[in-house]
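# Breakdown of the fold
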Amino acid sequence: MQGREDKFHYCHQCHQNHNRVISCQKCERKHYCATCIQRWYPTMSEEAIAKSCPFCCRNCNCKACLHNSEIVKTVENTGHFKYLLRLLYPFLRKFHHDQVKEKKIEAKIKGLELSEIEVPQVVLRSNERLFCNNCKTSIVDYYRSCPRCSYDLCLTCCREIRDGCLQGGVNMYTSHFDRGKAYLHGGESLPLPSGKKSGIRFSSKKRMRKISQWKARENGDIPCPVNKLGGCGHEYLELKCIFANGWLSELKVKAKKLVKVHNLVDRPHHSGQSCSCFKLNGQIDPCSKSLRKAASREGVSDNYLYCPSATDVQHESLEHFKSHWIKGEPLIITNVLDYSSGLSWEPMVMSRAVRDTSYSKGSQKLVVKTVDCLDLCEVKINTYQFFKGYMEGRTHSNSWPVILKLKDWPPSSLFEERLPRHGAEFMNILPYKDYTHPYSGILNIATKLPPDFLKPDLGPKAYIAYGVAEELGRGDSVTKLHCDMSDAVNVLMHTAKVDYSSKQVAEIEKLKRKHAIQDRREFFNPLYARDETFDMNHSKSEEKLRPISSMQSNTLSLNGKDGGALWDIFRREDVPKLGEYLRNHHKEFRHVYCSPVEQVVHPIHDQTFYLNMYHKKKLKEEFGVEPWSFVQQLGEAVLIPAGCPHQVRNLMSCTKIALDFVSPENINECIRLTDEFRTLPRNHRAKKDKLQVKKMCLHAIDYVVQGLEKLTE
């Protein structure tokens, strides 16, 4: 290494001319004098600077660079790239291993060396996706396909066929029968159709036998299934790929090199006790203003949820957020509407903003599709009448509240096209945009799909529904227990409180007593509190029967405020016990037409249960399981990690806007759920792999590798 001495050169650090400077061989543009090197970069030798100067290394501390926002952004992106690669590389390693394993089987089938196998690539249109014909999971790269009938089979199904345990090919059929209006409020049921049962039935024994007979040959070759299973019975399925040959292997080599260069292997995750929510002794600080108590579990430190304000989020680093998020904890962000422009989110205003219309037969009036929460049936209603009921309330002829939820509105997956100003406003108030923003979120894996790729519908979506504070027991404004495949952010944008007269409240109480009698008669389970002298045959004793659910109406407001929506979010580790409880007690719940739940396919993915106060109490007594429970106030955003089962009940009319995203911390959970969904019956409501998280991961790793390579060139 030699400094240049033939003429004066400008030092990038001190902005002075010197007759001897160290010139960077990498960029061939920047020069540093010996004095500045000794003073400002004492740990860097002249040889190191000649090879790659501080500017190229992104650590130049001259005045200009210290104030250069682009350099700051580059440094931030470098940190994000490393973080993404550290969390995603284990997936790439396993995915590549599975594909190599299948390629070895192909070599064995053809009697060739592994290096001699050339997997044919299929050409897909940019808006085309392949799904496994058996389990309906999206196909990412390698798969097997019939050359005659184009029956496609994913690698997981191939492995299960070889192991003799194929899943996901069973059909299910669900039947719900209308038992009549009287039954909804404690009356007798209409007779069911002769010879038919309400509930779920599965594939015939003949189909099940055909599935069990679908076997692989000794060399691993798999024939096309018979016609009864959707195939043609051809003697073999060909191995094919979607990505170019060698692309995945090359990506793994590059990623592995970067993991080693940046020392990303086996680095510890964030410690939950490193954040300000904990005291010096490692105990949670209950006096912290940014914590909200949401559970009373014994012997744990996760009863409190991190609850910063939108202003706190703006000024703090992502490290605090990560310390909670990586543990699978939900977050509540308050006052996000403080960062809005003041645009009205009143539903009538949003309705006027929607451009397209939908008309009912024989009518020129605008109508919307809603769901009646009492019998869960679809109801078409005039738009104005729906939103008037949102503000003022609606009632049935017997004084029971009409609780409606708006379905598929606006009637398009493109929320921002139908409501452009509201869409822009929502994007502006999103907390933790690096994670949640659907276009620019650098830590949102969903943003890494190529521009021309057919992307999943992750929102935003509007959820508009009526609600009442007291738990009715039937017809409550609820989103039943379910588990999303991705992470989600849900913001409460507008609320409206509906008051009921004392006369109507009295009528509602009478109907609830009838419901209680019917429940005792059908469930044979003491779900309801009553006087010990209660006599089922004594009509006056109805006055002494009282549903437990009606006793908790005074607990629904926190800190003296009127709440918007009551959330119950369960921890991932409690899912097995939660599922066992629901399987044990499933007949104590009602679903379509208020009929008891006769059968369970999957206690959470069926989305047929809402645990009221009674069942939450019993769940804790029997299994020690308690959810995080809290009331979402107007202007609060709730972040829900993938894999956390949750349910919501509106305590007043609510307008919520929700958006899905995919964080690197929860990739393993998203993949686990994808694998879990594929084992469900073929026509189950949660069956189809709409997220395509594995494909997202590969494109995200490719994006990160390219980014890091550019920064180290």
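Residues numbered from 1 in each chain as written. Predicted model: local features only at pLDDT ≥ 70, side-chain atom pairs only at ≥ 80, totals over all residues. Heavy atoms only, no water.

## Regarding the overall build of the protein chain
So the rule is basically this: Numbering of helices and strands runs from the N terminus; a helix is a DSSP stretch of H or I covering at least four residues, while a strand is a stretch of E covering at least two. Burial classes follow relative accessibility: with a 1.4 Å probe on protein chains only, a residue under 20% of its type's maximum area counts as buried, one over 50% as exposed, and anything between as partly exposed. Working rule for contacts: check all heavy atoms of both residues, and any pair within 4.5 Å makes them a contact. Using the Shrake-Rupley algorithm and a 1.4 Å probe, accessible areas are obtained, with residue cover drawn only from the displayed protein chains.
A count of helices and strands for the protein chain gives 20 helices and 23 strands. For the protein chain, the residues scored as buried account for 53% of the 713 residues in total. Pairs at least 24 apart in sequence give 72% of the contacts found in the protein chain among residues at least 6 apart. Here the protein chain has roughly 34800 Å² of accessible surface; of this, 48% comes from carbon and sulfur atoms.

## Some details on the confidence of the model for the protein chain
Heads up, the rule is: Each residue gets a pLDDT score, which is the predictor's confidence in that residue and runs from 0 to 100.
Per-residue pLDDT for the protein chain has a mean of 84; in total, 85% of the residues score no lower than 70. In this model, residues 1–6 is a region of pLDDT below 50 whose contacts with residues beyond four sequence positions or in other chains number 15 contacts.

## Here we look at the sheet that holds strand β19 (residues 565–569)
Put simply, the rule is: Here, strands pair whenever DSSP counts at least two bridges between them. Between N-to-C directions, angles span 0 to 180 degrees; the directions come from axes that are lines fitted to C-alpha atoms, helices contributing only their stretch in contact.
Within the open sheet, the 4 strands sit side by side as β17-β22-β19-β20. Their pairing is antiparallel. In the strand order of this sheet, the two ends are held by β17 (478–482) and β20 (628–632), each with one partner. Sheet twist, expressed as the mean angle between neighbouring strand axes with direction ignored, is 15 degrees. Here 5 bridges tie β19 to strand β22 (residues 646–650), and the two strands are oriented antiparallel to one another. Within β22, the residue paired with D568 across the bridge is Q647.

## Considering the packing of aromatic side chains
Going by this rule: Stacked, edge-to-face and tilted are the three classes for Phe, Tyr and Trp ring pairs, Trp counted by its six-membered ring, which pair at centre distances within 6.5 Å; planes under 30 degrees apart are stacked, over 60 edge-to-face, the rest tilted. Consider the ring centre and the ring normal. A charge sits over the ring if Lys NZ or Arg CZ is within 6 Å of that centre and within 35 degrees of that normal.
This structure, assessed with the given rule, holds 14 aromatic pairs. On the basis of an interplanar angle of 25 degrees and a centroid distance of 4.5 Å, the ring pair of F243 and W247 is categorised as stacked. Plain terms: the ring middles of W567 and F630 are 6.3 Å apart, the flat faces sit at 5 degrees to each other, and that makes the pair stacked. Of the two residues, W567 is situated in strand β19 and F630 in strand β20; the sequence distance between them amounts to 63 residues. Comparing W567 with F630 shows no difference in burial state: the two are buried. Taken together, the ring pairs connect F321, W325, Y432, Y435 and F661 into an aromatic cluster. The side chain of K30 reaches across the aromatic face of F55, ending 4.6 Å from its centre. Lying over the aromatic face of Y183, R179 brings its terminal NZ or CZ to 5.1 Å of the ring centre.

## Some thoughts on the state of the cysteines
Which entries qualify depends on this criterion: When two cysteine sulfur atoms lie within 2.5 Å, the pair is treated as a disulfide.
Here the structure, examined in full by the defined rule, presents 0 disulfides. No disulfide involves C483; its nearest neighbouring cysteine sulfur is the one of C644, lying 7.2 Å away.

## Regarding the sheet that holds strand β9 (residues 238–240)
Strand order in the open sheet formed by 3 strands is β6-β5-β9, and the pairing between neighbours is antiparallel. Edge positions in the sheet fall to β6 (152–154) and β9, since each has one partner strand and no second. Adjacent strand axes in the sheet meet at a mean angle of 35 degrees when their direction is disregarded. Pairing analysis gives 3 bridges linking strand β5 (residues 143–145) to β9, with the strands arranged antiparallel. Of the residues in β9, the one forming a bridge with R144 is L239. In the packing of helix α5 (residues 155–163) onto the sheet, contacts are made with β5 and β6, and the angle to β6 comes to roughly 80 degrees.

## Examining the pairing of β22
Taken across its 5 residues, β22 has 5 buried, putting it largely inside the fold. When β17 meets β22, the two strands line up antiparallel, connected through 3 bridges. From the neighbouring strand, T479 faces β22, where its bridge partner is V648.

## Description of α5
Restricting attention to buried positions, one finds in α5 the residues L155, T156, C157, C158, E160 and I161. Looking one or two places after α5, you find G164, whose phi comes out positive at around 75 degrees.

## Quick word on the side chain of E160
Here E160 is to be found in helix α5. Note on E160: relative accessible area 8%, which makes it buried. In contact with E160, other than residues within four places in its own chain, are C165, L166, Q167 and R678.

## Here we look at the nonpolar core
So the rule is basically this: Among the buried residues, those of types Ala, Val, Leu, Ile, Met, Phe, Trp, Tyr and Cys that are joined through side-chain atoms within 4.5 Å form a nonpolar core.
Counting 120 residues, the largest nonpolar core has L85, I333, F386, Y432, L639, V662 and I701 as its most contacted members. Other than its neighbours up to four places away in sequence, L85 contacts A255, L258, V259, L264, I701, V704 and L708. Membership of the second largest hydrophobic core comes to 21 residues, among which are C146, L153, I222 and I242.

## Looking at the packing of helix α8 (residues 247–261) against helix α20 (residues 693–711)
So the rule is basically this: The labels follow the angle: roughly parallel below 35 degrees, roughly antiparallel above 145, roughly perpendicular from 65 to 115, and oblique for the rest. Helix crossings are classified by the rotation of the near helix relative to the far one: an anticlockwise turn of less than a right angle makes the crossing left-handed, while a clockwise turn makes it right-handed. Lys, Arg, Asp and Glu make up the charged group, whereas Ala, Val, Leu, Ile, Met, Phe, Trp, Tyr, Cys and Pro make up the nonpolar group; the residues left over, Gly among them, are polar.
Their axes nearest at 10 Å, the elements α8 and α20 cross at an angle of 50 degrees. Looking at the two axes, α8 sits oblique to α20. In this structure, α8 crosses over α20, and the sense of that crossing is left-handed. Together, W247, L248, L251, K254, A255 and L258 of α8 and L698, I701, D702, V705, L708 and E709 of α20 make up the contact between the two elements. Taken together, the residues of the contact of α8 with α20 break down into 9 nonpolar, no polar and 3 charged.

## So, the packing of helix α17 (residues 575–585) against helix α18 (residues 613–623)
Helix-helix packing is described using two parameters, namely the angle between the two axes and the distance between the axes. Relative orientation of the contacting elements α17 and α18 amounts to 115 degrees, with a least axis distance of 11 Å. On the basis of their axis angle, the class for α17 and α18 is roughly perpendicular. Handedness of the crossing formed by α17 with α18: right-handed. Seen from α17, the contacting residues are K577, L578, E580, Y581, N584 and H585; seen from α18, they are H615, K618, L619, E622 and F623. In the contact of α17 with α18, the residues fall into 4 nonpolar, 3 polar and 4 charged.

## Quick notes on the pairing of β19
Consecutive side chains along a regular strand alternate between the two faces of the sheet. Of all 5 residues in β19, 5 are buried; the element is thus mostly enclosed. The alternating pattern of β19 places A565, W567 and I569 and L566 and D568 on opposite faces, both of which are buried. Pairing between β19 and β20: 5 bridges, direction antiparallel. Bridge pairing in β20 links A565 to Q632.

## A few points about unusual backbone geometry
In this structure, P460 follows G459 across a cis peptide bond, with omega equal to 10 degrees. Here P460 is to be found in the loop between α15 (433–436) and β16 (461–465). The phi dihedral of Y432 is positive, around 50 degrees, even though this residue is not glycine. Residue placement: Y432 occurs in the loop between α14 (420–429) and α15. Y432 sits in the buried class, given a relative accessible area of 5%.

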